Amino acid sequence: YIKVTYCRPHKRNREIFGALVPYGEVWRTGANEATEITFTNDVKVDGNTVDAGTYTLFTIPGEDEWTIILNKDLGQWGAYNYNKEKDLLRFEVPVEQTDEPYEAFTMEFQLQDDKTDLLMMWDDVKVRIPIEFID
């Protein structure tokens, strides 16, 4: 299985991306502690093999695309001590618009056969991380 541990900040009438969460800067992908993702088996993330284990999930939001980062340094508060040298994987995904705004930062899985997308949604922004289960 896949487990994501994250904190859910709320919009509260604030401008989110490009303001509260600046474009072009490493974000903890939530609030408080940096988000962590655990894979109990090896998977492919954006076509790249990732060994079973737990990783910190950082992102770099942009207007048109986000950089997704799986980092090997666990237990971080925010992204203050982010170390690029500990990155396992980096790739870009396009930004999509949601049908309706999300008040709380929300992550959910969209399962299809042996694949899933990890969706991240907040305000009117949505991005997808493609994950494929390896037999």
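Model, not experiment: these values are computed from the prediction.

Here is what the cut-offs are and how they apply
Residues numbered from 1 in each chain as written. Predicted model: local features only at pLDDT ≥ 70, side-chain atom pairs only at ≥ 80, totals over all residues. Heavy atoms only, no water. Pairing = 2+ DSSP bridges. Helix = DSSP H or I, 4+ residues; strand = E, 2+ residues; numbered from the N terminus. Axes fitted to C-alpha atoms, helices over the stretch in contact; angles between N-to-C directions.

**Here's the deal with the sheet that holds strand β2 (residues 36-39)**
Alright, step 1. Read across the open sheet, the five strands follow the order β1-β2-β5-β6-β7; overall the sheet is antiparallel. Only two strands of the sheet have a single partner each, and these edge strands are β1 (2-5) and β7 (87-94). Sheet twist, expressed as the average angle between the axes of neighbouring strands with direction ignored, equals 25 degrees.
Alright, step 2. Bridge analysis of β1 against β2 gives four bridges, and the strand direction is antiparallel. If you follow Lys-3 over to β2, its bridge partner there is Thr-38.

**Things to note about the pairing of strand β9 (residues 115-133)**
Alright, step 1. Note: strand β3 (residues 43-45) against β9, three bridges, orientation antiparallel. Note on β9: the bridge partner recorded for Val-43 is Phe-133.

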